[in-house]
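# Commentary on secondary and tertiary structure
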Amino acid sequence: MGLAGEAALRPRLLSFARMHLRDNALAEDAVQEALMAAIEKEASFAGRSGYETWVLGIVNTPTHHATH
């Protein structure tokens, strides 16, 4: 998708992360890490879900660990 696509997803990803983490700084970090991972691993996106769903899954991984 590229940097422009990730930038377009950022507000929705932040909203999702803030809802789960209830901390703006942690949410920003989680989204930043997820976007970096998505860019680095874009070739592994198999298309079995939507791209946004895939990136939300990446955001959810550190978010889940931070809340448990």
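Residues numbered from 1 in each chain as written. Predicted model: local features only at pLDDT ≥ 70, side-chain atom pairs only at ≥ 80, totals over all residues. Heavy atoms only, no water.

### Overview of unusual backbone geometry
The cut-off we apply is this: By the criteria applied, helices consist of DSSP H or I runs no shorter than four residues and strands consist of E runs no shorter than two, each listed in order from the N terminus.
Positive phi outside glycine occurs at Arg 22, with the angle close to 55°. Turning to its location among the elements, Arg 22 is positioned in the loop between helix H1 (3–21) and helix H2 (24–40).

### Considering the pattern of salt bridges
Between side chains of opposite charge, a pair can form when the charged atoms approach closely. Applied cut-off: Any carboxyl oxygen of Asp or Glu that lies within 4 Å of a side-chain nitrogen of Lys or Arg is treated as forming a salt bridge with it. Working definition: with a 1.4 Å probe on protein chains only, accessible area under 20% of the residue-type maximum means buried, over 50% means exposed, and in between means partly exposed.
This structure, assessed with the given rule, holds three salt bridges. For the salt bridge of Glu 28 with Arg 10, the shortest nitrogen-to-oxygen distance reads 3.1 Å. Of this pair, Glu 28 sits in helix H2 while Arg 10 sits in helix H1, and the two are 18 residues apart along the sequence. When its relative accessible area of 24% is taken as the criterion, Arg 10 is described as partly exposed. A salt bridge links Glu 28 to Arg 18; the shortest N-O distance between them is 3.6 Å. Residue Glu 28 is located in helix H2, and its partner Arg 18 is located in helix H1; the two are separated by ten residues in the primary sequence. For Glu 28, a relative accessible area of 29% translates into the label partly exposed. When salt bridges with common partners are traced through the structure, they connect Arg 10, Arg 18 and Glu 28 into a single cluster.

Spatial relationships are all this shows, so hold off on functional conclusions.
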